[in-house]
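# Per-entry structural report
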Amino acid sequence: MRYTAARTPRFASPAAWSEILGQGVRYPSLEEERTADVVIVGAGFAGLSAARRLLQLDPALNVAVLDALEIAEGSAGRNSGFMIDLPHDLSSDNYAGGGDESALIALNRKAIDFALGAAQAYGIDPAFVDPAGKVNGAASPTADAHNRSYAAHLAQLGEASEHLDAQAMHALTGSRHYLSGLYTPGTLMLQPAGYIRGLAAGLARDDVKIFARSAVTDFEQEGSIWRVRTAKGQISAPRIILATNGHLESFGFAKGRLMQLFLYASMTPELDATQLRALGGEPRWGITPSDPMGTTVRRIDTAQGGHRIITRTCATLRPEMEASARDIARATSVQRAKFDARFPQLSGAAMQYEWAGHLCLSLNGVAVTGEIAPNVFAATVQNGLGTARGTLTGIAAAEMALGQSSDITAYFNAEAAPRKLPPKPFSTWGANAYLRWKEHRARAE
Ligand SMILES: Cc1cc2nc3c(=O)[nH]c(=O)nc-3n(C[C@H](O)[C@H](O)[C@H](O)COP(=O)(O)OP(=O)(O)OC[C@H]3O[C@@H](n4cnc5c(N)ncnc54)[C@H](O)[C@@H]3O)c2cc1C
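These notes cover the structure that comes with them. (Residues numbered from 1 in each chain as written. Predicted model: local features only at pLDDT ≥ 70, side-chain atom pairs only at ≥ 80, totals over all residues. Heavy atoms only, no water.)

### A closer look at helix α5 (residues 166-173)
Rules: Only protein chains enter the area calculation, which uses a 1.4 Å probe; residues under 20% of their type maximum are buried, those over 50% are exposed, and those in between are partly exposed. For helices the rule is a DSSP run of H or I covering at least 4 residues; for strands it is a run of E covering at least 2, with both sets numbered from the N terminus onward. The directions considered for the arc run from the helix axis to the C-beta atoms. Whether two residues are in contact is decided by their heavy atoms, any of which lying within 4.5 Å being enough.
Listed as buried for α5 are Met169, Leu172 and Thr173. For α5, the buried positions fall inside an angular range of 75° around the axis, keeping them on one side. Against the buried residues of α5 lie β7 (134-138), β8 (162-165), β9 (180-184), α7 (273-279) and β17 (285-289). Two residues or fewer after α5 comes glycine 174, characterised by a positive phi angle close to 80°.

### A short note on the environment of threonine 313
Summarising the element assignment, threonine 313 is placed in strand β19 (residues 308-317). Among the residues examined, threonine 313 registers a relative accessible area of 1% and is labelled buried. Through-space distance from the C-alpha of threonine 313 to that of glycine 223 is 48 Å; in sequence the pair is 90 residues apart. When near neighbours in sequence (up to four residues on either side) are disregarded, threonine 313 contacts Tyr264, Met293, Gly294, Thr295, Ala331, Val334, Gln335 and Lys338.

### Focus on unusual backbone geometry
Backbone phi values are negative for most residues with the exception of glycine, while trans is the configuration of most peptide bonds. Unusually for a residue other than glycine, methionine 321 sits at a positive phi of about 65°. Along the chain, methionine 321 turns up in the loop between β19 and α8 (325-342). Of the residues examined, methionine 321 reaches a relative accessible area of 3% and is grouped as buried. The phi dihedral of asparagine 383 is positive, around 60°, even though this residue is not glycine.

### Here's the deal with the layout of surface pockets
Filter applied, for reference: Definitions used for this entry: grid spacing 1 Å over protein atoms alone; cavity, a set of points where a 1.4 Å probe fits but cannot get out; pocket, an open set with protein on both sides within 12 Å along at least 5 of 7 lines; lining residue, one with an atom within 4 Å of a point. Grid points are joined across faces, edges and corners, and a volume is the space filled by probe spheres set on the points. Under this grouping Gly is polar, as are all residues other than the nonpolar Ala, Val, Leu, Ile, Met, Phe, Trp, Tyr, Cys and Pro and the charged Asp, Glu, Lys and Arg.
One number sums up the size of the second largest pocket: a volume of about 270 Å³. Along the walls of the second largest pocket sit 14 residues, with Ser18, Gly24, Glu70, Ile71 and Arg197 positioned nearest its centre. Elements supplying a minimum of two residues to the lining of the second largest pocket: α1 (16-19) and α6 (192-205). When the residues that make up the lining of the second largest pocket are grouped by side-chain class, the tally is five nonpolar, four polar and five charged.

### Points about the pairing of β7
Filter applied, for reference: Only strands that DSSP links by at least two bridges are regarded as paired with each other.
For β7, the tally of buried residues reaches five of five residues, placing the bulk of the element in the interior. Of the two faces of β7, the one lined by Lys134, Asn136 and Ala138 and the one lined by Val135 and Gly137 are each fully buried. Across five bridges, β7 lies against β9 in antiparallel orientation. The residue bridging asparagine 136 from the neighbouring strand is leucine 182, located in β9. Here three bridges tie β7 to β17, and the two strands are oriented parallel to one another. Each residue of the ladder has a partner; that of glycine 137, found in β17, is proline 289.

### Some points on α8
We apply this condition: Helix span, expected: 1.5 Å multiplied by one less than the number of residues in the helix.
When the terminal C-alpha atoms of α8 are compared, their 26 Å separation across 18 residues agrees well with the 26 Å that a helix rising 1.5 Å per residue should span. Of the surrounding elements, those touching the buried residues of α8 are β16 (258-267), β18 (296-300), β19 and β20 (353-362).

And the structure:
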């Protein structure tokens, strides 16, 4: 049996969260033949969590991790860094999800505890894993109503939230754009690249072999061994964990069942003293939109890579798994308008970074986690909440690879298969038109 990658990850835009931290550790690329007990493909949230879980279960294991890019240059260095504990269904109007939400909240909190535990064990800067909570911002009466229905839904689940009025939102953000906000305390605010770099460094100290710039081109079974190949090297191992998120499909798995979604964001340069005075507000906060198709805005401070504002909005389906320069240009101009509407006192401020990142959804919101070929375990398809879900799928795949079970493996074992998508290209056109419409409907948010 042989699985060949039809494509490997490529990004034409910067991973800003990584760039603002400066040069990281330059891990070697794989240019030799080696052996391992487990090879992990992908060094994002899923892959590195899998590596840590393997070592927790068996510290003597010989684990190798391969990534096509530098560490934290994939979506790990491109996301907004909200590791959210609560339901966050992007396809609903107010994030309320279906299914057993209490079980999912409990699991998301395990992912958060896992990240905090890793941060402590590996000496990761506490500013990169800030348990600050987040606010759902509302800029219109409709959005305020969404927030109130979400708050009622949370109350039914026994979850705390706090309503913030326009004045409190202004005091927090320096922006008069928001009519109200809903604060929920459980979100871990990551410097995502800082966290992922720290995780990789800790694992490397624990003797996990990490290889960057090492795209896996194919893996082939010979007897009980899988040969995992890159352009210049090969690792032989009895078990593989595929933690490649949407690139699971590149190896031929779950074909026609995965939505390859690109999200877009931009980041200011470090704000100077005059801009900071004009801005006001607190030095760190994160606002998700009360309508899931609205705009996420985050402010970070020196300990997280400089006083900056990050704006994320726009989404496109790209089955070819690359965002075009045109996609980024359109998103950038939308983000500009959103930024100016929120911060007229900074209007005209330049953006230092504009980028696209890749995530992967299934129609029915399920992950693909489990044994997908003999001794090949997937930790993929994270849907909207990939920092938490990615951590969980990585833990689950590690446990499954070692024949262990837990409430996390039970959760993923019980999930259905991803539903089949309608045929292309109409489904892609239709979905992109639908995304644009939802974006338009959420334009104030
Ligand atoms: C702009 C943006 C904002 C987001 N905001 C949030 C947020 O606030 N909160 C949240 O929870 N989620 C957010 N997400 C989603 C989140 O980033 C992803 O769901 C998460 O990164 C998934 O983790 P992962 O480890 O499964 O996949 P990834 O982070 O994509 O990691 C997979 C890795 O596999 C590697 N890989 C793939 N194919 C190969 C191959 N053939 N050989 C070697 N390596 C390979 C890739 O290079 C990559 O590093 C956001 C995403 C974007 C783009």
